[in-house]
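Notes for the structure review
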Amino acid sequence: MTTRTPSAEGLIADVPALGTFARRATLLRPTAGAPGLLDSSVAGPLLWPADETWPVCRGPHLVEVRERLSEAEREALQRIDRNMRARRAGKPDAAWEISEKEADVQSRIMDGAGALDMVTWERIRRVPVTSVDGVPMLGVLQLHARDVPAAAWPEGTDVLQVLWCPKDHSGLPGQSDYWGPVVEMRHRSAATVSAVLDPPVPDDIGGRRAPLPCVLDPVEVTDLPDQDELPAELLAAAESWAERHGVEFHRGLACHEGWKVGGWPSWHLTDLVPVTCSCGATARLFLTMDSGGDPGVNVGRFGEVRVFTCPADASHPHRLNIQ
Ligand SMILES: [Zn+2]
Ligand SMILES: [Zn+2]
């Protein structure tokens, strides 16, 4: 007797209407290793032509700026703090209360800054600054077509290289709510690269934005969408099927986790955010780069960077989203 692990294919066989939502996804499954130039890898050496300029990012990058409070401002904040403590004295369960007038003083002193350092008494704000020289981008991912045949490969190409600028950004065109790394993708043909470039390394990579080298063990799966992208009756059918088979729809059948090409994005932090190309088309998930695991990066509070591309025209600029 054989037992079969419940799969998306099995689910679709029983609920055929889900078939129109099925997408191929290639799970990249990075594990720590020492990838070579000709390997698909995370943070491995890139097959980059010696005569092609390495990309740099000029931002604008969010840079922390500190402003020391005046003596009077510091005293005013300390007075508010003393008043709040006095009002709460003897009432340990009471909430901290601030008067309207005190709140006005506080917000005038903060002047829109995001944080206050109460050791040095400095306002801290993050401001967008353009980098004149540009920050060298980091090679994050290299894929060979033989390892990820299901990705859309432009005619004549068989290598995809993904780089990112490790800094935080703001004000990217068409990306009003995105503060993560800027992503650049290059397709090329391996056969056209003879001499290989020794890439520059950025001098300041903060916040675990440089992945550790990993080899990949790609596997193709069928992916299904998040609950937000399915009609209610189909979601109910999928969930009850999963329950009958002793699994959860959201774990293993839909929105596969980790580094992947294709498939569906999960919307576990926000509700569904439509990602739209500049041409108006709904952009489609192309690539997911995840925090943690062997690559060891941390993006967006241990989230994932997702790259969406235009289904109508692959040359349209991609869209980024962090979840
Ligand atoms: Zn940048
Ligand atoms: Zn488009």
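The shown structure was predicted, so the numbers you read here are calculated from the model rather than taken from an experiment.

**Topic: the nonpolar core**
- In terms of nonpolar packing, the biggest core is built from 38 residues, with Leu141, Leu143, Trp164 and Met289 touching the most fellow members.
- Where this core is concerned, the elements lending two or more residues are β9 (138-144), β10 (159-165), β11 (182-188), β15 (284-290) and β16 (304-309).
- Counting residues per element, this core draws most heavily on β10, at five residues.
- Other than its neighbours up to four places away in sequence, Leu141 contacts Leu28, Ser41, Val42, Ala43, Leu46, Leu160, Gln161, Val162, Leu216, Trp259 and Leu287.

**Looking at the coordination of the zinc ion (ligand 2)**
- Distances from the zinc ion (ligand 2) to its protein donors, Cys277 (SG), Cys279 (SG), Cys310 (SG) and His316 (ND1), fall at 2.1 to 2.3 Å.
- Around the zinc ion (ligand 2) sit four donor atoms; with metal-centred angles ranging over 106 to 113°, the donor geometry is tetrahedral.
- Read from N- to C-terminus, the donor residues coordinating the zinc ion (ligand 2) fall into the pattern C-x1-C-x30-C-x5-H.
- Take Cys277: its relative accessible area is 5%, and that puts it in the buried class.

**Here we look at the pairing of β15**
- In terms of burial, β15 is a largely internal element, six of the seven residues being buried.
- Relative to β16, β15 is paired through six bridges, and the arrangement is antiparallel. Bridging across to β16, Leu287 finds its partner in Val307.

Reading the values: the criteria
- Residues numbered from 1 in each chain as written.
- Chains lettered and ligands numbered in written order.
- Predicted model: local features only at pLDDT ≥ 70, side-chain atom pairs only at ≥ 80, totals over all residues.
- Heavy atoms only, no water.
- Core = buried A, V, L, I, M, F, W, Y, C linked by side-chain atoms within 4.5 Å.
- Buried < 20%, exposed > 50% of the residue type's maximum accessible area, 1.4 Å probe, protein only.
- Helix = DSSP H or I, 4+ residues; strand = E, 2+ residues; numbered from the N terminus.
- Contact = heavy atoms within 4.5 Å.
- Donors = N, O, S within 2.8 Å, 3.2 Å for Na, K, Ca; no water.
- Tetrahedral: all angles 85-135°; square planar, octahedral: opposite > 155°, others 65-115°.
- Pairing = 2+ DSSP bridges.

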